[in-house]
Amino acid sequence: QVQLQESGGRLIQAGDSLRLSCAASGRTFSGSAMGWFRQAPGREREFVAAVSWSGDNAYYADSVKGRFTCTRDNAKNSLYLQMNNLKLEDTAVYYCAAQNGYTGSYFYPRYYNHWGQGTQVTVSS
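Residues numbered from 1 in each chain as written. Predicted model: local features only at pLDDT ≥ 70, side-chain atom pairs only at ≥ 80, totals over all residues. Heavy atoms only, no water.

Describing the pairing of strand S9 (residues 92-98)
Across the 7 residues that make up S9, a large majority, 6, are buried. Examined bridge by bridge, strand S4 (residues 34-39) and S9 share 6 bridges and lie antiparallel to one another. Across the sheet, Gln 39 pairs through a bridge with Val 93, a residue of S9. Pairing between S9 and strand S11 (residues 119-124): 3 bridges, direction antiparallel. Directly across from Ala 92, in S11, lies its bridge partner Val 121. (Buried < 20%, exposed > 50% of the residue type's maximum accessible area, 1.4 Å probe, protein only. Helix = DSSP H or I, 4+ residues; strand = E, 2+ residues; numbered from the N terminus. Pairing = 2+ DSSP bridges.)

Here it is, written out as structure tokens:
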């Protein structure tokens, strides 16, 4: 059974840094695009960042560009999101997602085949 398990979310102060991890099990995603999405209360799930299967190419939402870095370690079947200079508006449940290969887009939830359960990130002032 394929599983994506996020970890690292917690309560943190604005301006601080946090690193999220996503461990995949059940199959290897070394040939697949992977990404991070987030969902705040009352809002739709939105794209945060994604990385190509090799890790050579990364993509970011404008709201996090320059502050967040998405990386992967295919040897560990894992995905990471380094978040710096966190803002109140970054508060959300963060989800790890993976495609079966590359399905045509990095930016929309419907292009991802596998999802984690999410990890809560709460940024306080």
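Alright, that's what it looks like, and here's the rest.
Notes on the sheet that holds strand S3 (residues 18-25)
Consider a sheet: its strands pair through backbone hydrogen bonds, and that pairing is either parallel or antiparallel. Spatial strand order, S1-S3-S8-S7: 4 strands in an open sheet with antiparallel pairing. Only two strands of the sheet have a single partner each, and these edge strands are strand S1 (3-7) and strand S7 (68-73). The mean angle between the axes of side-by-side strands here comes to 15 degrees, regardless of whether they run parallel or antiparallel. In this sheet, strand S8 (residues 78-83) lies alongside S3 in antiparallel orientation, the contact comprising 6 bridges. The residue bridging Leu 18 from the neighbouring strand is Met 83, located in S8. (Axes fitted to C-alpha atoms, helices over the stretch in contact; angles between N-to-C directions.)

Observations regarding the state of the cysteines
Going through the model one piece at a time under the given rule, you end up with 1 disulfide. In this model, Cys 22 is linked to Cys 96 through a disulfide, with the two sulfur atoms separated by 2.0 Å. Between Cys 22 and Cys 96, the disulfide has an S-S torsion of -70 degrees and is therefore left-handed. One end of the pair, Cys 22, is in strand S3; the other, Cys 96, is in strand S9, and 74 residues separate them in sequence. Like Cys 22, the residue Cys 96 is buried in the burial classification. (Disulfide = S-S within 2.5 Å.)

Some details on the side chain of Arg 67
Along the chain, Arg 67 turns up in the loop between strand S6 (58-60) and S7. For Arg 67, a relative accessible area of 9% puts it in the buried group. A polar contact of 2.9 Å, which involves the side chain of Arg 67, links it to the backbone oxygen of Ser 63. Leaving out residues up to four positions away in the same chain, Arg 67 has contacts with Gln 82, Met 83, Asn 84, Asn 85, Leu 86, Lys 87 and Asp 90. (Polar contact = N/O pair within 3.5 Å; in protein donor to acceptor, adjacent residues only side chain to side chain. Contact = heavy atoms within 4.5 Å.)

Focus: the environment of Ser 7
Its place among the elements puts Ser 7 in strand S1. Ser 7 sits in the partly exposed class, given a relative accessible area of 38%. Expressed as a C-alpha distance, the spacing of Ser 7 and Gly 118, which sit 111 residues apart in the sequence, is 8.2 Å. Residues contacting Ser 7, with those up to four places away along its chain left out, are Arg 19, Leu 20, Ser 21 and Thr 119.

Function cannot be inferred from these measures alone, as they are strictly geometric.
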